[in-house]
Each structure stands twice: as structure tokens, then as C-alpha cells.
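# Structural description and commentary
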Amino acid sequence: DVSPARQRTSGVMRLTKLVLTLLLLGLAGQAACQEDDYGEDDFGGGGGYGEEEEEEDPPPAPAGDGAARELSSVADLEAFMDDNDASVVGAFLEKEMPDPAAVMPEDWDEDEDGTWEAPVVTNPELAAFNSIASSLYNYRFAFSAAPDVLAKLKSKTGGLYLYRSPKFLSAEHGDKPRERFPSTKLSESAVRNWLNSKAQPLVGLYSSSTKERYSGATLVVFFNLDFAKNAKGVSYVLKRARKAAAKLKGKLAVAVASSTDLSYELGDYGLPTDKPNTILMGISAGGQYYAPADGAAAFSGDTMSEFARAFLAGELTPYEKPEPEARPI
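Rules used in this analysis
- Residues numbered from 1 in each chain as written.
- Predicted model: local features only at pLDDT ≥ 70, side-chain atom pairs only at ≥ 80, totals over all residues.
- Heavy atoms only, no water.
- Patch = residues over 30% accessible without salt bridge, like charges linked within 9 Å, V, L, I, M, F, W, Y side chains within 5 Å.
- Areas by Shrake-Rupley, 256 points an atom, 1.4 Å probe, with all protein chains shown as cover.
- Salt bridge = Lys/Arg side-chain N within 4 Å of Asp/Glu carboxyl O.
- Lys, Arg positive; Asp, Glu negative; His and termini not counted.
- Charge placed at Lys NZ, Arg CZ, Asp CG, Glu CD.
- Helix = DSSP H or I, 4+ residues; strand = E, 2+ residues; numbered from the N terminus.
- Buried < 20%, exposed > 50% of the residue type's maximum accessible area, 1.4 Å probe, protein only.
- Pairing = 2+ DSSP bridges.
- Right-handed = clockwise from strand over helix to strand, strands pointing away.
- Axes fitted to C-alpha atoms, helices over the stretch in contact; angles between N-to-C directions.
- Parallel < 35°, antiparallel > 145°, perpendicular 65-115°, else oblique.
- Left-handed = near helix turned anticlockwise from the far one by under 90°.
- Contact = heavy atoms within 4.5 Å.
- Nonpolar A, V, L, I, M, F, W, Y, C, P; charged D, E, K, R; others polar.
- Phe/Tyr/Trp six-rings, centres within 6.5 Å; stacked < 30°, edge-to-face > 60°.
- Lys NZ or Arg CZ within 6 Å of the ring centre and 35° of its normal.

### Considering a positive patch on the surface
- A cluster of like positive charges, contributed by Lys239, Arg240, Lys243 and Lys247, occupies part of the molecular surface.
- Here Arg240 lies in helix H7 (residues 231–248).

### With respect to the pairing of strand E9 (residues 218–223)
- Burial within E9 is extensive, with six of its six residues counted as buried.
- Side chains Thr218, Val220 and Phe222 project from E9 onto one buried face, and the interleaved Leu219, Val221 and Phe223 project onto a second face that is buried too.
- In the sheet, E9 pairs with strand E10 (residues 253–258) via six bridges, with the strands oriented parallel. Paired with Phe222 across the two strands is Ala257, which belongs to E10.
- For the crossover from E9 across H7 to E10, the handedness is right-handed.
- Two elements, E9 and strand E11 (residues 280–285), share five bridges in a ladder whose sense is antiparallel. Looking at E11, one finds that Val220 is bridged to Gly282.

### Examining the packing of H7 against helix H9 (residues 301–312)
- Closest axis-to-axis distance for the H7/H9 pair is 9 Å, and the angle between their directions is 30°. The orientation of H7 with respect to H9, classified from their angle, is roughly parallel. The hand of the H7/H9 crossing is right-handed. Along its contact with H7, which presents Arg240, Ala241, Ala244 and Leu248, the element H9 presents Gly301, Met304, Ser305, Ala308 and Leu312.
- Across the contact of H7 with H9, the residue classes break down as six nonpolar, two polar and one charged.

### What to know about a negative patch on the surface
- Side chains of Glu106, Asp107, Glu110, Asp111, Glu112 and Asp113 sit close together on the surface and give a patch of like negative charge.
- Looking at Glu106, the relative accessible area reads 86%, which means it is exposed.

### Notes on unusual backbone geometry
- The backbone of Lys154 sits at a positive phi, close to 55°, despite the residue not being glycine.
- Note that Lys154 resides in the loop between helix H5 (147–153) and strand E6 (159–163).
- For Lys154, a relative accessible area of 69% translates into the label exposed.

### Some words on the packing of aromatic side chains
- Within this structure, the stated rule accounts for ten aromatic pairs.
- Taking the centre distance of 5.2 Å and the plane angle of 75° together, the rings of Phe181 and Trp194 count as edge-to-face. Placement of the pair is Phe181 in the loop between strand E7 (178–180) and helix H6 (188–198) and Trp194 in helix H6, with a sequence separation of 13 residues.
- Aromatic side chains Tyr290 and Phe311 sit 5.1 Å apart centroid to centroid with 70° between the ring planes, which places their arrangement in the edge-to-face category. Placement of the pair is Tyr290 in strand E12 (residues 288–290) and Phe311 in helix H9, with a sequence separation of 21 residues. Both residues of the pair, Tyr290 and Phe311, count as buried.
- Positioned above the aromatic ring of Phe80 is the side chain of Arg140, whose terminal nitrogen or guanidinium carbon lies 4.1 Å from the ring centre.

### Things to note about the sheet that holds E12
- If you walk across this open sheet you meet the five strands as E8-E10-E9-E11-E12, and the pairing is mixed. Strands at the two margins of the open sheet, each flanked by one partner only, are strand E8 (203–205) and E12. Each adjacent strand pair in this sheet contributes to an overall mean axis angle of 30°, direction not counted.

### Side note on the sheet that holds E6
- The mixed open sheet is built from five strands, whose spatial order is E1-E5-E2-E6-E7. Pairing within the sheet leaves two strands with one partner each, and these edge strands are strand E1 (69–70) and E7.
- Sheet contacts for helix H2 (residues 74–81): E1, strand E2 (87–91), strand E5 (140–144) and E6; angle to E2, the most-contacted strand, approximately 150°.
- Across the sheet, H6 touches E2, E5, E6 and E7, and the angle it forms with E6 is around 25°.

### Section: the pattern of salt bridges
- Taken as a whole and assessed by the stated rule, the structure comprises ten salt bridges.
- Put simply, Lys95 and Glu70 hold a salt bridge, and the shortest N to O gap is 3.2 Å. Placement of the pair is Lys95 in the loop between E2 and strand E3 (96–98) and Glu70 in strand E1, with a sequence separation of 25 residues.
- Residue Glu70 is classed as partly exposed on the basis of its relative accessible area of 36%.
- Salt-bridge contacts for Arg309 lead to Glu315; the nearest nitrogen and oxygen are separated by 3.0 Å.
- Three or more residues are tied together by salt bridges with common partners; here these are Glu306, Arg309 and Glu315.

And the structure:
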């Protein structure tokens, strides 16, 4: 006979085996569900997060990122040029052409090999243009070989054109809407120097991508620079800035900036960063920053002219940021 103790031990073992078997079956079922949820999808269906949404085509690369966009129509051209910044447009008679450097092999036999033709390559001038555009990423580049676009540009032989921003252009103060690069040969250094000297109008946009074009002392007016929501305010500032800039030409450059977009720079001048609707002024010169002696004075043509006069007369002291307080150890 089996003793009661042995019977109890045997019962516990059977129960333990039963529990382990049930656990293993449960894990196997869970794994099968997971395979159903996540398996098979290499773009062929399945997937455990519901139905796959179709991916939309990515939007075209934004201008100013080092990529030159192609303009296929006059509408494309007009949309490209309607911007706060200057537009650089390359006009080419053709995008591709027979390789001008290709040479027919010496052993080419027209009877056996047919008429020799040079391989088709990207127009070397367009290739040079694209290389320059990828390097000068702080400018907006586009190109076209479309006949109607070239006709709109009035370009019969092709070329490189700079169009100043129509939003800041002032023909009254001598701003020309466009310039043509003076050579048919494009080099990065020559194009960079040309753009830096020509891109900005009398009073242009001062931003993270344009401020390097202002190499000398520059008076910057910071305010709510929103052509859509603050049209009258923008017009008011530009009129007074242009009037002052015309008298300061050759002595002090004048530009306007969005106090919101460049709020991080206001502290360099000692200007308040919590007044986005206030018109503020500062002068940047040689790594030093100046604010009006009477920083609280309301903006006007007169206060702007006085600020410029005081700077040119050497009456202003550059602002020095206070040293940050040391944290207690």
C-alpha cells in the first residue's frame, strides 16, 4: 500500500505539472497572436497597428537649404520670387547636352559601330550652379531651362540673376529689382562675393540667414515684422528706416528684423526680450553691440537718426552682458 504522505507528494507533483503545462500553452498562444499582429508586413500587408496609411510625397525642399529647386513654369518663378529674401535664379538653355569633353575612340569603326555620339551629361554650367547652390546655403537658389521661364527672365543666352526681395525693394531710394552676374563662368568665390555685395536693398531683412551679408556696422530695427498681420506697422518702420538709411549710406547700414525670430539676440544689445510689440533699435559693429542712450525713447525717424549720429560720433558705450551668477557648490 502507498502511504498517505507519498500520495500527497504525488498529487502535488501532478498539480505542478498541470500548472506548468497550462502556463506553457498560454505563452505559446500569446506568441502566435504576436506573430499574427506584427508578422508579414514588408509593404505587403499585415501589421499590428491597424491599416497602414499611405505615405504622402515629401514636400519640395525649402529654399535656402542648399538645394536649388527647378522652376518649370512662370507661376513657379513668380512664387519663388515672392519672398522676404533675395532670389538667385540660374537660366540655362538646356539641362542636358552631349559631353563636350568626350572624344571618339581611335578604333571606332562607323561601319561596325555606327555613327559615334558623345554621351549625354548634365549641362556643365548647370552642374557648376548646383555645386555653388549646395555651398551657399544661406541663399535661395532656383534654376530653369523652360522656354517660357527664360522668356519671362528676358534671357536669350542664359545667365545667373539676382532678384531682390519685392517686399523690401524701394525704387524711390534707388533699389534695382535685379542684377545679372557679370560673367558666363561661375565660381563659388566670385558668386559669393557678388551676392554678398548685391543681395540686400537699402533697408533689407536682418535674419539668421542674412546677417552675414552685413559685414560692417549695422543699425537694426527690431519689431513685429509681419507683412500679413502688421502691414501698416511694417510700412511705418520701413519708410522711416529708408529715409535715415539714404543719409547714412556708406557710413552705417540699416536693416530690419523680427523681434520674435531674433529674440535670442536682443540680450546682446541689452534690449528687453519681453516686449515683442515694441519697436527697438540696436547697432552691431565688430562684435560689439550698442543700444540708444535713452533706451526708453519711442521709435521715430528722429530718434533713429539721433541714435545713428551718436554712434558715429563715438558717444555710445557698447553693452556688456553681466557675468552669470556662480551656482553655489
